[in-house]
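Geometric and topological summary
Chain by chain, the residues:
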Amino acid sequence: LAADKEFLKELKTSCKTKTAEWEERKKTRAEELVALADTIKVLNDDDALDLFKKTLPSASASLVQVSVSASAMRSRALGALQGAQRAALSQDRASLRLLMLTLAGKKAVSQGGFDKVIKMVDEMVELLKKEQLD
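To start, this report covers the structure provided alongside it. For clarity, every value in this text was computed on a predicted model and none was experimentally measured. (Residues numbered from 1 in each chain as written. Predicted model: local features only at pLDDT ≥ 70, side-chain atom pairs only at ≥ 80, totals over all residues. Heavy atoms only, no water.)

Our focus in this paragraph is the pattern of salt bridges. Following the criterion strictly, the structure yields one salt bridge and no others. In this structure, lysine 26 engages glutamate 23 in a salt bridge whose closest nitrogen and oxygen atoms are separated by 3.6 Å. Of this pair, lysine 26 and glutamate 23 both sit in helix 1 (residues 2-43), three residues apart, roughly one helical turn. Judged by its relative accessible area of 41%, lysine 26 falls in the partly exposed class. (Salt bridge = Lys/Arg side-chain N within 4 Å of Asp/Glu carboxyl O. Helix = DSSP H or I, 4+ residues; strand = E, 2+ residues; numbered from the N terminus. Buried < 20%, exposed > 50% of the residue type's maximum accessible area, 1.4 Å probe, protein only.)

Together, Asp45, Asp46, Asp47 and Asp50 make up a region of like negative charge exposed at the surface. Mapped onto the fold, aspartate 50 is located in helix 2 (residues 46-55). For aspartate 50, a relative accessible area of 39% corresponds to the partly exposed category. (Patch = residues over 30% accessible without salt bridge, like charges linked within 9 Å, V, L, I, M, F, W, Y side chains within 5 Å. Areas by Shrake-Rupley, 256 points an atom, 1.4 Å probe, with all protein chains shown as cover. Lys, Arg positive; Asp, Glu negative; His and termini not counted. Charge placed at Lys NZ, Arg CZ, Asp CG, Glu CD.)

In structure tokens, the structure reads:
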């Protein structure tokens with residue numbers, strides 16, 4: 001019985017603390033909502049619109065996105081790989097050369113020439129997993 005009374009006392013104290021914390025949270029949230037409403041009001045004002053128009057560049061000064069062809073991207077990647085190959089360690093150069101050959105072969109890349117190889121590797125991995133379980 002004494003333990004129950006002690007638990008009840010602690011529970012009441014905890015509830016009072018939680019209630020006070022909740023009231024503080026509600027007050028803070030209300031203040032934040034008022035501040036957001038004031039901010040929206042200021043941003044929707046005509047003076048803010050005029051300021052934005054002065055600050056932001058006009059449509060004639062905007063940036064234009066330039067499309068890049070697949071061959072241009074391939075040649076950029078090839079150049080980056082060549083630079084990496086010069087700086088790479090000798091054991092890494094073979095894999096970089098393989099990547100460069102892959103990028104240089106337009107027909108193989110554009111027509112999915114490695115699909116068979118990838119499928120065969122996936123099948124081999126599945127087979128090895130089955131053998132490992134046995």
